[in-house]
Amino acid sequence: MDTIPTAKSRAILFDMVRCTGCRGCINACLKTHDFKGEAKDTTELSATAYTAMRTEGEFNVRQMCRHCVTPSCASVCPVGALHKTDLGPVVYDESKCIGCRYCMVACPFNVPRYEWNSPVPAVRKCDMCIDRLKEGKPTACAEACRFGATVCGTREELVAEARKRIAEDPDMYYDHIYGEKELGGTNVMFITPQPIESLGYKAKLGETPLPNLTWNVLEKLPGVVVVGGAALSAFWWITNRRDEVSAAHAAAKHDATNGGTHKASGENDHDRA
Amino acid sequence: MTALERPRMSFWKAVFLAIVAVGLVLCYVRFTKGLGAVTNLSDKFPWGLWVGFDLLCGVGLAAGGFVITATVYIFHIERLRPVVRATILTAFLGYILVVSALMFDIGRPWAMWHPLVMWNPHSVMFEVSWCVTLYTTVLFLEFSGMIFEKLKWPRAMKVQHAITLPCVVAGVLLSTLHQSSLGTVYLIVPGKLHALWYTQTLPILFWISSVAAGLAMLIFESRLSSKAFGRQLEMPILSEAGRVLAAVLGVYGALRVYDLGTRGMFGQALDFSYESRMFLLEFVGGLLVPFVMLLFPKVRANAKWLYGAAVLTILGFVTNRLNVSITGFEGAQGGTYLPSVSETLITVFFVALGFGAFALGVRHLNIYPENEEKHGAGTKTAKPEVGSAIEATAAAPVVREMATAVRIPTA
Ligand code: SF4
Ligand code: SF4
Ligand code: SF4
């Protein structure tokens, strides 16, 4: 079930080297969604903050949904409430959601948040401003960034842009585009001054999409059902037959000794229980 | 667990009613104020006690339903036939409770039917919800026989009899699928679940341990109902179940050790870190000790010791499921989760409902063979009811093979 990152899908590149920590992106996201919080206090994702920024030493670590190419959250959702669009964003349909929260457990980046204090709760996460993308506009956070630290474009363009930035200033950048290959690729990519693990991001994720781990097992199940069903029926038939034979045997012996007309009962399940 | 005794029934009834009353109040709070008002669940720990205990343990402990029906109907191990009804009743009640508890846990219980029409075949949870729905139906069909018998509806009983075998086969398949799939649920979190519990063999481990839990529950329940109602199973049957349980625990333990070994996890298992201690609690207290106990024919022949081994097995099983669903996540998620008082009380509420429903079943349906209404344990006469010719041929070898596979002396 590998999905290949589509070159033309929309993506976001976050360049930590250029980021000044002005929190314009955070502010823009809060405003677009009518969330009450203050940008400067938004250091953790929440049901009312789809992006957040922490400082890690001298660096600004931005958090948001990565819009994985093969998203764990969408693969585990029993009702398909989350799905990857061709346009790029991974979006959520509240009307389908049953609230099992498996998406939250499964997301390798701990992104989805829940409305714990609502009687009609929903999962909340960044939707990559899909409505704006559809109109051909960049995401609100990218539009707000005055330093080219958060940029929006096609995935292909942004990978090229990231390569260019790293190549032009190799001293400033760590030579890796985080999200180009991780877990099969993501549509939100980071370039950083240091290896990513030193900045508090999850590292060592490998390049295989996590949903494959589940699918390896799930795809075997139809086989288990067919073989298992056949085996169980066969077992039943054999043991049942053995019982019949031995019962007949016993009855025959009985007949022989008593000379009676006792009939082999061919006892089976249905007579007992 | 203190044993229930007749003179104290009214006391337990009062406890029961108190729990139910508290449960109903919390139910109101849960559905008007949201999950946050009654639980300690958070964005870091979106799953807690209700998934770890109510769902994972509930389903596992009800596994006796498929284990025993398979043993009796498919493998024709007739000696266990008197147990069939008790396990079907437990399983049926267990699943009803699991589904009810899930209505509390999921955020939008009114949408619970969605997986039946909105399909995502890539989701384990989708598969589990289908299996649980179908299996609960199967259990209902199996259970309905007891009701028809009570109502004296011979026609309905006949129909129910006719579909027993297909039901059993479907039940075994569905159970195998979802018992193992509850392990598959965790395969997608290699980066979050501690390596002592995260393994590709989780589906198989979950399946085998559910078989063990089902058998242990059988012994456990028989003892409880003997204390409470003077009805229980014959000691030879329970000893037999204990012997099979030892075999299953042996296989499970061996696979667990082999799996840890091949992944080079022995060091971490024994370094006495928080995870290591929780692992040892589960592995030594809840697996090794009952396994060794059950190897002794004397233990298996003694009602109290057998019961002790069963309780340890159940506790070990519960610890394992809580470790997988909670302990194993605490390191990666950076924090700890402890259920809130209300959250725990709601779980207690469901357990109490389970006990209550089981008690009703034992009292009003013909669950345990009638000739065994006696008080106290260990005083029963051993008298296998069913055809011993069959036992001599078909039945014994399977169990015997399982038992000798791990060198258990035959009692
Ligand atoms: S980062 Fe998490 S929530 Fe976002 S698409 Fe990937 S798996 Fe889904
Ligand atoms: S909480 Fe909702 S969106 Fe998340 S996996 Fe469950 S049903 Fe899907
Ligand atoms: S893409 Fe839109 S929703 Fe996502 S962080 Fe940026 S502004 Fe917020």
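Just so we're clear, the structure is a prediction, and the values are computed from it rather than from any experiment.

## Structural notes on the overall build of chain B
Part 1 of the reasoning: Counting secondary structure elements, chain B contains 17 helices and zero strands.
Part 2 of the reasoning: The contacts in chain B between residues at least 6 apart in sequence include a share of 79% that link residues at least 24 apart.
Part 3 of the reasoning: Of the roughly 16400 Å² that chain B leaves accessible, carbon and sulfur atoms contribute 72%.

## Quick word on the pattern of salt bridges
Pairing between side chains becomes possible if they bear opposite charge and their charged atoms approach one another.
Part 1 of the reasoning: This structure, assessed with the given rule, holds 22 salt bridges over all chains.
Part 2 of the reasoning: When the shortest N-O distance is used, the salt bridge between Lys40 of chain A and Asp41 of chain A registers 3.8 Å. The pair formed by Lys40 of chain A and Asp41 of chain A is uniform in burial state, with each residue classed as exposed.
Part 3 of the reasoning: One salt bridge connects Arg101 of chain A with Asp105 of chain B, and the closest N-O pair in it is separated by 2.9 Å. Taken together, the residues span two chains, with Arg101 of chain A in the loop between β5 (90–92) and α3 (102–106) and Asp105 of chain B in helix α5 (residues 84–105).

## Points about the site of ligand 1
Part 1 of the reasoning: Near ligand 1, the surroundings consist of 14 residues, among which Cys65, Arg66, Cys68, Cys73 and Cys107 of chain A are the closest.
Part 2 of the reasoning: Residues that form the shell around ligand 1 fall into these classes: 10 nonpolar, two polar and two charged.

## Observations concerning the interface of chain A and chain B
Part 1 of the reasoning: Facing 59 residues of chain A, the contacting portion of chain B comprises 62 residues.
Part 2 of the reasoning: Counting across the interface, chain A meets chain B through three salt bridges.
Part 3 of the reasoning: Between Asp43 of chain B and Arg113 of chain A there is a salt bridge, and its shortest N-O distance comes to 3.6 Å.
Part 4 of the reasoning: Secondary-structure elements contributing two or more residues to the side of chain A that touches chain B are α2 (72–76), α3, β6 (113–114), α7 (211–218) and α8 (221–258) of chain A.
Part 5 of the reasoning: In the side of chain A that touches chain B, the residues fall into 34 nonpolar, 15 polar and 10 charged.

## Details of the confidence of the model for chain A
Part 1 of the reasoning: The predicted model of chain A has a mean per-residue pLDDT of 87, with 91% of residues at 70 or higher.
Part 2 of the reasoning: Taken together, the stretch residues 259–273 of chain A has pLDDT below 50 and engages in 28 contacts with residues farther than four places along the chain or on a different chain.

## What to know about the site of ligand 2
Part 1 of the reasoning: If you check the shell around ligand 2, you find 13 residues, and the closest are Cys77, Cys97, Cys100, Arg101 and Cys103 of chain A.
Part 2 of the reasoning: Of the residues assigned to the shell around ligand 2, the class counts are 11 nonpolar, one polar and one charged.

## Examining the domain arrangement of chain A
Part 1 of the reasoning: Taken domain by domain, chain A consists of domain 1 (10–208) and domain 2 (210–273).
Part 2 of the reasoning: Relative placement of domain 1 of chain A and domain 2 of chain A: their C-alpha centres are 57 Å apart.

## Considerations on the environment of Glu115 of chain A
Residue and element names in this part refer to chain A.
Part 1 of the reasoning: Turning to its location among the elements, Glu115 is positioned in the loop between β6 and β7 (123–124).
Part 2 of the reasoning: For the pair formed by Glu115 and Ser46, sequence separation is 69 residues and the distance between their alpha carbons is 8.8 Å.
Part 3 of the reasoning: With sequence-adjacent residues up to four places away left out, Glu115 is seen in contact with Ala47, Val120, Pro121, Ala122 and Arg124.
Part 4 of the reasoning: In terms of polar contacts, Glu115 uses its side chain to reach the backbone amide nitrogen of Ala122, at 3.0 Å.
Part 5 of the reasoning: In this structure the side chain of Glu115 is engaged in a polar contact, spanning 2.9 Å, whose partner is the side chain of Arg124.

## Looking at the sheet that holds strand β9 (residues 188–191) of chain A
Residues and elements named next belong to chain A.
Part 1 of the reasoning: Read across the sheet, three strands follow the order β8-β1-β9 without closing on themselves; strand pairing throughout is mixed. Strands at the two margins of the open sheet, each flanked by one partner only, are β8 (150–154) and β9. For this sheet the average axis-to-axis angle between neighbouring strands, irrespective of direction, equals 25 degrees.
Part 2 of the reasoning: Relative to β8, strand β1 (residues 10–15) is paired through five bridges, and the arrangement is antiparallel.

## Quick notes on the nonpolar core
Part 1 of the reasoning: Within the largest apolar cluster, 191 residues are counted, with the highest numbers of intra-cluster contacts made by Tyr102 of chain A together with Tyr186 and Leu193 of chain B.
Part 2 of the reasoning: At 16 residues, the largest contribution of residues to this core is made by helix α10 (residues 202–229) of chain B.
Part 3 of the reasoning: Looking at which domains feed residues into this core, each of domain 1 (10–208) and domain 2 (210–273) of chain A supplies at least three.
Part 4 of the reasoning: Those residues in contact with Tyr102 of chain A that sit more than four places away from it in its chain are Val76 of chain A together with Trp47, Val124, Met125, Thr184, Val185, Tyr186 and Ile188 of chain B.
Part 5 of the reasoning: In this structure, Leu13, Val159, Tyr173 and Met189 of chain A belong to the second largest nonpolar core, which totals 11 residues.

## Quick notes on the packing of α5 of chain B against helix α16 (residues 341–364) of chain B
All names here are of chain B.
Part 1 of the reasoning: The N-to-C vectors of α5 and α16 enclose an angle of 150 degrees; their axes lie 10 Å apart at closest approach. One way to sum up the angle between α5 and α16 is to call them roughly antiparallel. With respect to the hand of their crossing, α5 and α16 are arranged in right-handed fashion. Contacts from Ala86, Leu89, Thr90, Leu93, Leu97, Ser100, Ala101 and Phe104 of α5 reach α16 at Ile346, Phe350, Leu353, Gly354, Ala357, Phe358, Gly361 and Val362.
Part 2 of the reasoning: Residue composition of the contact of α5 with α16, grouped by class: 12 nonpolar, four polar and no charged.

Parameters at a glance
Residues numbered from 1 in each chain as written. Chains lettered and ligands numbered in written order. Predicted model: local features only at pLDDT ≥ 70, side-chain atom pairs only at ≥ 80, totals over all residues. Heavy atoms only, no water. Helix = DSSP H or I, 4+ residues; strand = E, 2+ residues; numbered from the N terminus. Contact = heavy atoms within 4.5 Å. Areas by Shrake-Rupley, 256 points an atom, 1.4 Å probe, with all protein chains shown as cover. Salt bridge = Lys/Arg side-chain N within 4 Å of Asp/Glu carboxyl O. Buried < 20%, exposed > 50% of the residue type's maximum accessible area, 1.4 Å probe, protein only. Near = heavy atom within 4 Å. Nonpolar A, V, L, I, M, F, W, Y, C, P; charged D, E, K, R; others polar. pLDDT = per-residue confidence, 0-100. Domains from an automatic or database assignment. Polar contact = N/O pair within 3.5 Å; in protein donor to acceptor, adjacent residues only side chain to side chain. Pairing = 2+ DSSP bridges. Axes fitted to C-alpha atoms, helices over the stretch in contact; angles between N-to-C directions. Core = buried A, V, L, I, M, F, W, Y, C linked by side-chain atoms within 4.5 Å. Parallel < 35°, antiparallel > 145°, perpendicular 65-115°, else oblique. Left-handed = near helix turned anticlockwise from the far one by under 90°.

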